[in-house]
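Spelled out from the first residue to the last, the chains are:
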Amino acid sequence: LNNQKFDMLIFGGNLFEGDIFSSSEISKILKDIYVEYGKFAILGTKDKGNSTELQQLYLNAGVEVLSNTSRQIYYKNSSFTLVASDFNGDISSLVPSRNSFVLSLTHEPDSFIKNQNYVDLQLSGDSLGGTIYIPYIGGLLKDTGYETYVHGQYTVQDSLLLISNGVTGKSNFPYKILTPNEILLITLKAQ
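Everything numeric in this text was worked out from a predicted model, so none of it was measured. (Residues numbered from 1 in each chain as written. Predicted model: local features only at pLDDT ≥ 70, side-chain atom pairs only at ≥ 80, totals over all residues. Heavy atoms only, no water.)

### Side note on the overall build of the protein
Point 1. When helices and strands are tallied, the protein shows three helices and eleven strands.
Point 2. The order of helices and strands in the protein, counted from the N terminus, is β-α-β-α-β-β-β-β-α-β-β-β-β-β.
Point 3. The C-alpha radius of gyration of the protein comes to 16 Å, within 12% of the 16 Å expected for a compact globule of 191 residues.
Point 4. Taking the principal axes of the C-alpha coordinates as reference, the protein spans close to 45 × 40 × 30 Å.
Point 5. When burial is assessed residue by residue, the protein has 42% of its 191 residues classed as buried.
Point 6. Within the protein, contacts between residues separated by at least 24 positions form 52% of all contacts whose residues are at least 6 apart in sequence. (Helix = DSSP H or I, 4+ residues; strand = E, 2+ residues; numbered from the N terminus. Rg over C-alpha atoms; globule rule 2.2 N^0.38 Å. Buried < 20%, exposed > 50% of the residue type's maximum accessible area, 1.4 Å probe, protein only. Contact = heavy atoms within 4.5 Å.)

### Topic: the nonpolar core
Point 1. Phe11, Leu30 and Tyr58 are the most contacted members of the largest nonpolar core, which has 16 residues in total.
Point 2. Those elements that provide at least two residues to this core are β1 (9–11), α1 (23–31) and α2 (51–60).
Point 3. With three residues, α2 is the largest single contributor of residues to this core.
Point 4. Leave out the neighbours within four places in its chain, and Leu30 touches Phe11, Leu15, Lys39, Leu57, Tyr58 and Ala61.
Point 5. In terms of nonpolar packing, the next biggest core, distinct from the first, is built from 13 residues, Leu82, Leu105, Leu121 and Leu123 among them. (Core = buried A, V, L, I, M, F, W, Y, C linked by side-chain atoms within 4.5 Å.)

### Let's talk about α1
For an α-helix, 3.6 residues make a turn, and residues three or four places apart therefore share a direction.
Point 1. Listing the buried residues of α1 in full gives Ile26, Ser27 and Leu30. Along the axis of α1, the buried residues cluster in a sector spanning 100°; they form a single face. For α1, the exposed residues lying more than 90 degrees away from the buried face are Ser24, Glu25, Lys28, Ile29 and Lys31. (Arc of directions from axis to C-beta.)

### Focus: the environment of Ala84
Point 1. Position of Ala84 among the secondary structure elements: in strand β5 (residues 78–85).
Point 2. Each C-alpha atom, one on Ala84 and one on Arg71, is 9.0 Å from the other, the two residues being 13 residues apart in sequence.

### Considerations on α2
Point 1. Taken together, the buried positions of α2 are Leu54, Leu57 and Tyr58. All buried residues of α2 lie within an arc of 95° about the axis, which places them on one face of the element. In this structure, α2 carries Thr52 and Leu59 as exposed residues pointing more than 90 degrees from its buried face.
Point 2. Where α2 is buried, its residues meet β1, α1, β2 (39–41) and β3 (64–65).
Point 3. One or two residues past the end of α2 sits Gly62, with phi positive at roughly 80°.

### Overview of the environment of Lys142
Point 1. Mapped onto the fold, Lys142 is located in the loop between β9 (138–139) and β10 (152–156).
Point 2. Exposure remark for Lys142: the relative accessible area of 48% places this residue in the partly exposed category.
Point 3. Between the alpha carbons of Lys142 and Ser127 there is a distance of 7.2 Å; along the sequence they are 15 residues apart.
Point 4. When residues no more than four places from it in sequence are discounted, the contact partners of Lys142 are Glu147 and Val150.

### Comments concerning the sheet that holds strand β4 (residues 69–75)
Point 1. Spatial strand order, β4-β5-β6-β7-β11-β10: six strands in an open sheet with mixed pairing. Looking along the sheet, the strands with just one partner apiece sit at the ends: β4 and β10. Ignoring strand direction, the axes of neighbouring strands in this sheet form an average angle of 20°.
Point 2. The sheet contact formed by strand β6 (residues 101–106) and strand β7 (residues 121–124) spans three bridges and is parallel. Following the sheet pairing, Leu103 is matched in β7 by Leu121. (Pairing = 2+ DSSP bridges. Axes fitted to C-alpha atoms, helices over the stretch in contact; angles between N-to-C directions.)

### What to know about the pairing of β6
Point 1. Counting buried positions over the six residues of β6 gives five, a clear majority of the element.
Point 2. When β5 meets β6, the two strands line up parallel, connected through six bridges. Residue pairing across strands places Ala84 opposite Leu105, the latter belonging to β6.

Shown next, in the form of structure tokens:
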């Protein structure tokens, strides 16, 4: 990541699938990623059982864990609203107004069904892209939170949902077919 130029780092949840391992090493790796405008994370469904330890890991790495909150992010002569909600949260009460660009960070992609009227861009993960993706059919492995929106990008009216495939597979099925590991690099441009 340090070979790329970017201003902000956002983690979409499920840093670990089960127990936390090598927390000091992981914390150091995350701390060594340089950004100017902040590192943010939300917790994923797999993070629930380890939330206290995981929040400490993130804190040690200089990553702020967001939970059901919104804030203005100022960049040069522009700003946007960053809204973060837990799991499949409804963000309608978190969006102060639609006067600025609204970027939502929500772990489960299907929350876009509720959130599409309140956001310009929603970033989600959780689905691993469906693990096995077949063109024209879609992601084959679906679960609660990603039954409708599984892989790639979706546009509804003026709202866009981007789903990251993440950087690994599941431990009980560590294979991914046509869902390559990915880190999304997104550029926002002021209008």
